[in-house]
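Listed below are the residues making up each chain.
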Amino acid sequence: MSDVTIVGLGAMGTALAETLLAQRLKVNVWNRSPEKAKPLIVKGANLSVDIASAISTSELVLISVLDYQAVKEILESATEALAGRTIVNLTNGTPSQVRDMAAWVEKCGGKYLDGGVMVTPELVGGPEAFVFYSGSLAVYKQHQKVLAMLGNPVYVGENFALAAIYDLALLSSMFGMFAGYIHAAALLRSENIPVTDVTPMIMSMLKAMIELFPQTAQEIDTGVYPQPSSNNTMMAAGLKNILDASREQGVQEDLIQPIWKLFQRASTSGLGNKDISALPLLLLRAKPIISPPQ
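Residues numbered from 1 in each chain as written. Predicted model: local features only at pLDDT ≥ 70, side-chain atom pairs only at ≥ 80, totals over all residues. Heavy atoms only, no water.

K.L.:
So what exactly am I meant to see when it comes to the overall build of the chain here?
P.N.:
Check the secondary structure of the chain and you find 12 helices and eight strands. Reported as C-alpha extents along the three principal axes, the dimensions of the chain are approximately 65 × 50 × 30 Å. Counting over 294 residues, the chain shows a buried share of 41%. Surface exposure of the chain reaches about 16000 Å², of which carbon and sulfur atoms provide 59%. Charge-centre separation for the chain: the mean point of 22 positive side chains lies 4 Å from the mean point of 26 negative side chains. (Helix = DSSP H or I, 4+ residues; strand = E, 2+ residues; numbered from the N terminus. Buried < 20%, exposed > 50% of the residue type's maximum accessible area, 1.4 Å probe, protein only. Areas by Shrake-Rupley, 256 points an atom, 1.4 Å probe, with all protein chains shown as cover. Lys, Arg positive; Asp, Glu negative; His and termini not counted. Charge placed at Lys NZ, Arg CZ, Asp CG, Glu CD.)

Here you go:
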(Lines give C-alpha, C1' and ligand atoms only; values in the text may rest on other atoms or scores of the structure.)
Protein backbone atom coordinates (compact mmCIF):
# COMPACT_ATOMS: atom_id res chain seq x y z
CA MET A 1 0.00 0.00 0.00
CA SER A 2 1.05 3.58 -0.70
CA ASP A 3 0.47 6.51 1.63
CA VAL A 4 -1.27 8.47 -1.11
CA THR A 5 -2.22 8.21 -4.77
CA ILE A 6 -2.05 11.21 -7.10
CA VAL A 7 -4.39 11.14 -10.09
CA GLY A 8 -3.47 13.61 -12.82
CA LEU A 9 0.09 14.65 -13.57
CA GLY A 10 -0.26 18.09 -15.04
CA ALA A 11 1.73 20.93 -13.50
CA MET A 12 -0.26 20.86 -10.24
CA GLY A 13 -0.51 17.09 -9.89
CA THR A 14 3.22 16.75 -10.50
CA ALA A 15 3.93 19.41 -7.88
CA LEU A 16 1.72 17.58 -5.38
CA ALA A 17 3.53 14.31 -6.01
CA GLU A 18 7.01 15.88 -5.79
CA THR A 19 6.12 17.60 -2.53
CA LEU A 20 4.92 14.39 -0.90
CA LEU A 21 7.88 12.41 -2.21
CA ALA A 22 10.16 15.01 -0.65
CA GLN A 23 8.41 14.26 2.66
CA ARG A 24 9.38 10.58 2.21
CA LEU A 25 5.83 9.37 1.68
CA LYS A 26 5.09 6.35 -0.47
CA VAL A 27 3.44 7.96 -3.48
CA ASN A 28 1.50 6.15 -6.17
CA VAL A 29 0.64 8.01 -9.39
CA TRP A 30 -1.62 7.61 -12.38
CA ASN A 31 -2.11 9.67 -15.51
CA ARG A 32 -3.93 9.09 -18.79
CA SER A 33 -0.58 9.75 -20.49
CA PRO A 34 1.74 7.51 -18.43
CA GLU A 35 4.93 8.97 -19.91
CA LYS A 36 4.38 12.04 -17.72
CA ALA A 37 5.16 9.87 -14.70
CA LYS A 38 8.76 9.11 -15.73
CA PRO A 39 10.41 11.99 -13.78
CA LEU A 40 8.41 11.03 -10.69
CA ILE A 41 9.34 7.35 -10.97
CA VAL A 42 13.00 8.40 -10.92
CA LYS A 43 12.26 10.22 -7.64
CA GLY A 44 10.65 7.16 -6.10
CA ALA A 45 6.99 7.19 -7.15
CA ASN A 46 5.15 4.06 -8.20
CA LEU A 47 3.09 4.11 -11.40
CA SER A 48 -0.22 2.25 -11.62
CA VAL A 49 -1.15 0.87 -15.01
CA ASP A 50 -4.87 1.57 -14.60
CA ILE A 51 -7.06 3.86 -12.53
CA ALA A 52 -8.74 1.06 -10.57
CA SER A 53 -5.43 -0.26 -9.23
CA ALA A 54 -4.25 3.32 -8.60
CA ILE A 55 -7.22 3.98 -6.33
CA SER A 56 -7.01 0.58 -4.65
CA THR A 57 -3.35 1.13 -3.80
CA SER A 58 -4.01 3.95 -1.32
CA GLU A 59 -6.68 4.92 1.16
CA LEU A 60 -6.08 8.60 0.30
CA VAL A 61 -6.46 9.68 -3.35
CA LEU A 62 -5.72 13.23 -4.52
CA ILE A 63 -7.11 14.28 -7.89
CA SER A 64 -5.97 17.29 -9.88
CA VAL A 65 -7.09 17.40 -13.51
CA LEU A 66 -8.47 19.97 -15.94
CA ASP A 67 -12.14 19.97 -14.98
CA TYR A 68 -14.95 18.01 -13.35
CA GLN A 69 -15.87 16.26 -16.57
CA ALA A 70 -12.40 14.74 -16.61
CA VAL A 71 -12.76 13.75 -12.93
CA LYS A 72 -16.04 11.97 -13.61
CA GLU A 73 -14.75 10.20 -16.73
CA ILE A 74 -11.71 8.93 -14.84
CA LEU A 75 -13.55 7.75 -11.74
CA GLU A 76 -16.47 6.19 -13.63
CA SER A 77 -14.08 3.58 -14.96
CA ALA A 78 -13.21 2.51 -11.41
CA THR A 79 -16.40 2.84 -9.38
CA GLU A 80 -15.90 -0.45 -7.51
CA ALA A 81 -12.49 0.71 -6.30
CA LEU A 82 -13.94 3.83 -4.62
CA ALA A 83 -15.47 1.98 -1.69
CA GLY A 84 -13.60 2.85 1.51
CA ARG A 85 -11.31 5.33 -0.22
CA THR A 86 -11.06 9.06 0.52
CA ILE A 87 -11.17 11.16 -2.63
CA VAL A 88 -9.73 14.65 -2.20
CA ASN A 89 -10.63 16.55 -5.35
CA LEU A 90 -8.34 19.53 -5.93
CA THR A 91 -9.80 20.26 -9.36
CA ASN A 92 -11.27 23.73 -9.84
CA GLY A 93 -15.05 23.67 -10.27
CA THR A 94 -18.41 25.17 -9.34
CA PRO A 95 -20.44 24.56 -6.16
CA SER A 96 -23.05 22.47 -8.00
CA GLN A 97 -20.34 20.33 -9.57
CA VAL A 98 -18.84 19.76 -6.14
CA ARG A 99 -22.16 18.74 -4.60
CA ASP A 100 -22.93 16.33 -7.44
CA MET A 101 -19.45 14.79 -7.27
CA ALA A 102 -19.59 14.40 -3.50
CA ALA A 103 -22.97 12.68 -3.69
CA TRP A 104 -21.78 10.36 -6.45
CA VAL A 105 -18.55 9.36 -4.67
CA GLU A 106 -20.44 8.66 -1.44
CA LYS A 107 -23.02 6.62 -3.37
CA CYS A 108 -20.10 4.52 -4.61
CA GLY A 109 -19.02 3.94 -1.01
CA GLY A 110 -16.18 6.46 -0.94
CA LYS A 111 -15.50 9.49 1.22
CA TYR A 112 -15.13 12.92 -0.34
CA LEU A 113 -13.33 16.16 0.42
CA ASP A 114 -13.21 19.11 -1.92
CA GLY A 115 -10.20 21.37 -2.05
CA GLY A 116 -8.76 24.47 -3.65
CA VAL A 117 -5.01 25.01 -3.94
CA MET A 118 -4.41 28.74 -3.71
CA VAL A 119 -0.88 28.93 -5.10
CA THR A 120 0.82 28.15 -8.39
CA PRO A 121 2.42 24.68 -8.71
CA GLU A 122 5.95 25.87 -7.99
CA LEU A 123 4.83 27.16 -4.57
CA VAL A 124 3.11 23.97 -3.39
CA GLY A 125 4.51 22.84 -0.07
CA GLY A 126 6.14 26.20 0.63
CA PRO A 127 5.37 28.72 3.37
CA GLU A 128 3.11 30.77 1.08
CA ALA A 129 0.94 27.80 0.13
CA PHE A 130 -2.51 27.25 1.55
CA VAL A 131 -5.31 24.93 0.53
CA PHE A 132 -9.03 25.18 1.28
CA TYR A 133 -10.87 21.97 2.27
CA SER A 134 -14.55 21.27 2.84
CA GLY A 135 -16.54 18.18 3.66
CA SER A 136 -16.65 15.84 6.65
CA LEU A 137 -14.57 17.20 9.52
CA ALA A 138 -13.81 13.66 10.67
CA VAL A 139 -12.48 12.71 7.23
CA TYR A 140 -10.47 15.93 7.07
CA LYS A 141 -8.88 15.30 10.49
CA GLN A 142 -8.06 11.73 9.49
CA HIS A 143 -5.84 12.96 6.66
CA GLN A 144 -4.86 16.40 7.96
CA LYS A 145 -1.23 15.45 8.57
CA VAL A 146 -0.67 14.50 4.93
CA LEU A 147 -2.71 17.40 3.59
CA ALA A 148 -0.65 19.83 5.67
CA MET A 149 2.44 18.81 3.71
CA LEU A 150 0.99 20.47 0.61
CA GLY A 151 0.55 23.83 2.31
CA ASN A 152 -1.32 25.34 5.22
CA PRO A 153 -4.65 23.47 5.30
CA VAL A 154 -7.67 25.73 5.80
CA TYR A 155 -10.78 23.74 6.69
CA VAL A 156 -13.86 25.85 5.90
CA GLY A 157 -16.78 23.61 6.85
CA GLU A 158 -18.91 20.50 6.35
CA ASN A 159 -20.73 21.96 3.34
CA PHE A 160 -18.93 20.31 0.43
CA ALA A 161 -19.24 23.42 -1.79
CA LEU A 162 -17.53 25.84 0.57
CA ALA A 163 -13.96 25.22 -0.61
CA ALA A 164 -15.02 25.93 -4.20
CA ILE A 165 -16.75 29.16 -3.18
CA TYR A 166 -13.70 30.32 -1.22
CA ASP A 167 -11.45 29.33 -4.13
CA LEU A 168 -13.52 31.15 -6.76
CA ALA A 169 -13.95 34.22 -4.56
CA LEU A 170 -10.19 34.61 -4.20
CA LEU A 171 -9.63 33.98 -7.89
CA SER A 172 -12.26 36.56 -8.85
CA SER A 173 -10.40 39.13 -6.78
CA MET A 174 -7.16 38.22 -8.51
CA PHE A 175 -8.59 38.28 -12.03
CA GLY A 176 -10.36 41.58 -11.35
CA MET A 177 -7.04 43.10 -10.32
CA PHE A 178 -5.32 41.74 -13.41
CA ALA A 179 -8.12 43.04 -15.64
CA GLY A 180 -7.69 46.57 -14.32
CA TYR A 181 -3.93 46.36 -14.74
CA ILE A 182 -4.19 45.03 -18.30
CA HIS A 183 -6.52 47.88 -19.27
CA ALA A 184 -4.20 50.38 -17.61
CA ALA A 185 -1.27 48.96 -19.58
CA ALA A 186 -3.17 49.24 -22.86
CA LEU A 187 -4.13 52.83 -22.09
CA LEU A 188 -0.51 53.72 -21.32
CA ARG A 189 0.85 52.03 -24.42
CA SER A 190 -1.71 53.88 -26.58
CA GLU A 191 0.40 56.98 -25.88
CA ASN A 192 3.73 55.08 -25.99
CA ILE A 193 4.21 55.42 -22.23
CA PRO A 194 6.40 52.62 -20.81
CA VAL A 195 4.30 50.47 -18.51
CA THR A 196 7.40 49.78 -16.42
CA ASP A 197 7.60 53.48 -15.57
CA VAL A 198 4.08 53.58 -14.14
CA THR A 199 3.83 50.12 -12.55
CA PRO A 200 5.48 51.15 -9.24
CA MET A 201 2.87 53.91 -8.85
CA ILE A 202 0.06 51.46 -9.68
CA MET A 203 1.38 49.04 -7.07
CA SER A 204 1.57 51.80 -4.46
CA MET A 205 -2.02 52.84 -5.11
CA LEU A 206 -3.32 49.26 -5.06
CA LYS A 207 -1.57 48.56 -1.77
CA ALA A 208 -3.29 51.60 -0.26
CA MET A 209 -6.67 50.42 -1.58
CA ILE A 210 -6.16 46.90 -0.23
CA GLU A 211 -5.72 48.37 3.24
CA LEU A 212 -9.39 49.43 3.03
CA PHE A 213 -10.64 45.86 2.51
CA PRO A 214 -11.24 44.98 6.19
CA GLN A 215 -13.39 48.08 6.69
CA THR A 216 -15.26 47.42 3.45
CA ALA A 217 -15.83 43.80 4.46
CA GLN A 218 -17.32 44.88 7.80
CA GLU A 219 -19.68 47.27 6.03
CA ILE A 220 -20.79 44.52 3.64
CA ASP A 221 -21.39 42.02 6.46
CA THR A 222 -23.26 44.48 8.70
CA GLY A 223 -25.20 46.23 5.94
CA VAL A 224 -24.20 49.60 7.34
CA TYR A 225 -22.97 51.67 4.42
CA PRO A 226 -21.31 55.06 5.00
CA GLN A 227 -21.74 58.10 2.79
CA PRO A 228 -18.13 58.78 1.76
CA SER A 229 -16.68 61.82 0.05
CA SER A 230 -16.09 59.69 -3.06
CA ASN A 231 -19.41 57.89 -3.45
CA ASN A 232 -20.70 55.53 -6.13
CA THR A 233 -22.08 58.35 -8.30
CA MET A 234 -18.68 60.03 -8.33
CA MET A 235 -17.02 56.70 -9.13
CA ALA A 236 -19.41 56.22 -12.06
CA ALA A 237 -18.44 59.62 -13.43
CA GLY A 238 -14.75 58.76 -13.14
CA LEU A 239 -15.25 55.42 -14.86
CA LYS A 240 -17.15 57.15 -17.68
CA ASN A 241 -14.08 59.33 -18.25
CA ILE A 242 -11.94 56.20 -18.46
CA LEU A 243 -14.33 54.78 -21.07
CA ASP A 244 -14.35 57.97 -23.12
CA ALA A 245 -10.58 58.33 -22.94
CA SER A 246 -10.13 54.70 -23.94
CA ARG A 247 -12.26 55.20 -27.04
CA GLU A 248 -10.29 58.32 -27.92
CA GLN A 249 -7.03 56.40 -27.57
CA GLY A 250 -8.23 53.39 -29.56
CA VAL A 251 -8.34 51.10 -26.51
CA GLN A 252 -11.21 48.62 -26.30
CA GLU A 253 -13.40 49.05 -23.23
CA ASP A 254 -14.39 45.40 -22.69
CA LEU A 255 -12.74 45.17 -19.27
CA ILE A 256 -13.93 48.52 -17.88
CA GLN A 257 -17.45 48.89 -19.24
CA PRO A 258 -19.05 46.23 -16.95
CA ILE A 259 -17.55 48.01 -13.94
CA TRP A 260 -18.93 51.37 -15.09
CA LYS A 261 -22.35 49.78 -15.63
CA LEU A 262 -22.37 48.49 -12.06
CA PHE A 263 -21.55 51.90 -10.59
CA GLN A 264 -24.08 53.50 -12.92
CA ARG A 265 -26.76 51.09 -11.68
CA ALA A 266 -25.88 52.08 -8.12
CA SER A 267 -26.36 55.73 -9.06
CA THR A 268 -29.85 55.08 -10.42
CA SER A 269 -31.05 52.63 -7.75
CA GLY A 270 -30.67 54.68 -4.61
CA LEU A 271 -27.12 53.65 -3.78
CA GLY A 272 -25.34 56.53 -5.47
CA ASN A 273 -24.46 58.30 -2.23
CA LYS A 274 -23.13 55.11 -0.62
CA ASP A 275 -19.66 53.57 -0.56
CA ILE A 276 -18.61 50.67 -2.81
CA SER A 277 -19.49 48.32 0.05
CA ALA A 278 -23.14 48.63 -1.07
CA LEU A 279 -22.41 47.29 -4.57
CA PRO A 280 -22.70 43.56 -3.74
CA LEU A 281 -26.41 44.22 -3.18
CA LEU A 282 -26.74 44.74 -6.93
CA LEU A 283 -25.04 41.43 -7.72
CA LEU A 284 -27.01 39.12 -5.42
CA ARG A 285 -29.66 38.07 -7.91
CA ALA A 286 -31.06 35.45 -5.54
CA LYS A 287 -31.78 38.18 -2.99
CA PRO A 288 -33.29 41.11 -4.89
CA ILE A 289 -33.14 44.48 -3.23
CA ILE A 290 -36.60 45.83 -2.39
CA SER A 291 -35.39 49.04 -0.86
CA PRO A 292 -31.77 50.12 -0.41
CA PRO A 293 -30.46 50.42 3.15
CA GLN A 294 -30.35 53.90 4.59
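Once the structure has been displayed, the description carries forward.
K.L.:
Where do I start with the sheet that holds strand 5 (residues 86–89) in this structure?
P.N.:
Strands belonging to one sheet form pairs held by backbone hydrogen bonds; the direction of such a pair is parallel or antiparallel. The sheet built from eight strands is open, its strands ordered 3-2-1-4-5-6-7-8 with mixed pairing. Of all the strands in the sheet, just strand 3 (46–47) and strand 8 (152–157) have a single pairing partner and so form its edges. Relative to strand 7 (residues 130–135), strand 6 (residues 111–117) runs antiparallel, the two being bridged by five bridges. Each residue of the ladder has a partner; that of V117, found in strand 7, is V131. Seen against the sheet, helix 1 (residues 11–22) touches strand 1 (4–7), strand 2 (27–30), strand 4 (60–63) and strand 6 and runs at an angle of roughly 160° to strand 1. Along the sheet, helix 4 (residues 68–76) makes contact with strand 1, strand 2, strand 4, strand 5 and strand 6, crossing strand 5 at roughly 160°. (Pairing = 2+ DSSP bridges. Contact = heavy atoms within 4.5 Å. Axes fitted to C-alpha atoms, helices over the stretch in contact; angles between N-to-C directions.)

K.L.:
Got a minute to help me understand a nonpolar patch on the surface in this structure?
P.N.:
On the surface, a cluster of nonpolar side chains totalling about 900 Å² of accessible area is made up of M174, F175, M177, F178, I182, M205, L206, M209, L212 and L255. Among the secondary structure elements, those contributing two or more residues to the nonpolar patch are helix 7 (162–189) and helix 8 (195–210). The greatest single-element share of the nonpolar patch, amounting to five residues, is contributed by helix 7. Relative to the elements of secondary structure, I182 occurs in helix 7. (Patch = residues over 30% accessible without salt bridge, like charges linked within 9 Å, V, L, I, M, F, W, Y side chains within 5 Å. Salt bridge = Lys/Arg side-chain N within 4 Å of Asp/Glu carboxyl O.)

K.L.:
Is there a simple way to explain helix 8 in this structure?
P.N.:
An α-helical segment advances 3.6 residues per turn. Residues three or four places apart therefore align on the same side. An ideal rise of 1.5 Å per residue puts 22 Å on 16 residues; helix 8 measures up with 21 Å between its terminal C-alpha atoms. For helix 8, the secondary structure elements touched by its buried residues are helix 7. (Expected span 1.5 Å × (residues − 1).)

K.L.:
Sorry if this is basic, but what is going on with the packing of aromatic side chains here?
P.N.:
We describe a pair of aromatic rings using the distance from one ring centre to the other and the angle between the two ring planes. Under the definition given, this model contains five aromatic pairs. Seen in terms of ring centroids, Y112 and F160 are 5.9 Å apart; in terms of plane orientation they differ by 65°. Their pairing is edge-to-face. Here the residue Y112 occupies a position in strand 6, and F160 occupies one in the loop between strand 8 and helix 7, the gap between them amounting to 48 residues. Considered together, Y112 and F160 belong to a single accessibility category, that of buried residues. Taking the centre distance of 5.5 Å and the plane angle of 85° together, the rings of F130 and F132 count as edge-to-face. Judged by its relative accessible area of 5%, F132 falls in the buried class. Ring-pair connections join several aromatic residues into one group, and the members of that group are F130, F132 and Y166. (Phe/Tyr/Trp six-rings, centres within 6.5 Å; stacked < 30°, edge-to-face > 60°.)

K.L.:
Mind showing me how you'd approach the packing of helix 7 against helix 8 here?
P.N.:
Angle between the axes and distance between the axes are the two parameters that describe a pair of packed helices. At a minimum axis distance of 11 Å, the contact between helix 7 and helix 8 shows a crossing angle of 145°. For the element pair helix 7 and helix 8, the recorded crossing hand is right-handed. Contacts between helix 7 and helix 8 involve M177, Y181, A184, A185, L188 and R189 on the former and, on the latter, V195, V198, T199, I202 and L206. Of the residues contributing to the contact of helix 7 with helix 8, the split by class is nine nonpolar, one polar and one charged. (Left-handed = near helix turned anticlockwise from the far one by under 90°. Nonpolar A, V, L, I, M, F, W, Y, C, P; charged D, E, K, R; others polar.)

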